[in-house]
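# Fold and geometry: a report
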Amino acid sequence: LPTDWLRRMRVAATTLTLTARNVATITNFNSWDPENNTSGTDGPNYNFVQLAQPRVYTMRLTFGF
C-alpha cells in the first residue's frame, strides 16, 4: 500500500502473508491419497468414498497501529 495511505489511516506497520497447502505432490506414490486413509477396528485400512484434501490458498493482511 502507498505510504501516504498508511499515514492517513495511522498505521505503523503492515504485514502481507501468503500461504498455500497441497499445491504440489512431490513423490512417486501413485495410489490413494495417504492423508485420506481410514482405519477401522474390524478390518484393514481402506480408502473409499472420501474426498481428497483440497488445495487451499490464504492471503492475510495485518495492520499494526
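Above this note sits the structure.
The following refers to the structure shown. (Residues numbered from 1 in each chain as written. Predicted model: local features only at pLDDT ≥ 70, side-chain atom pairs only at ≥ 80, totals over all residues. Heavy atoms only, no water.)

## Re a nonpolar patch on the surface
Nonpolar side chains collect at one region of the surface, where L1, W5, M9, L16, L18, M59, L61, F63 and F65 lie side by side and expose about 1,100 Å² of accessible area between them. Ranked by the residues each element gives to the nonpolar patch, the list is headed by strand β2 (residues 56–64), at 3 residues. As for its placement among the helices and strands, L16 is situated in strand β1 (residues 13–21). Accessibility expressed as a relative area gives 51% for L16, which makes it exposed. (Patch = residues over 30% accessible without salt bridge, like charges linked within 9 Å, V, L, I, M, F, W, Y side chains within 5 Å. Areas by Shrake-Rupley, 256 points an atom, 1.4 Å probe, with all protein chains shown as cover. Salt bridge = Lys/Arg side-chain N within 4 Å of Asp/Glu carboxyl O. Helix = DSSP H or I, 4+ residues; strand = E, 2+ residues; numbered from the N terminus. Buried < 20%, exposed > 50% of the residue type's maximum accessible area, 1.4 Å probe, protein only.)

## Remarks on the pattern of salt bridges
In total, this model carries 1 salt bridge according to the counting rule given. In this structure, the salt-bridge partner of D4 is R8, at a minimum N-O distance of 3.3 Å. Here D4 pairs with R8, and both are found in helix α1 (residues 3–8), just 4 residues apart, close to one helical turn. Assessed through its relative accessible area of 35%, D4 is described here as partly exposed.

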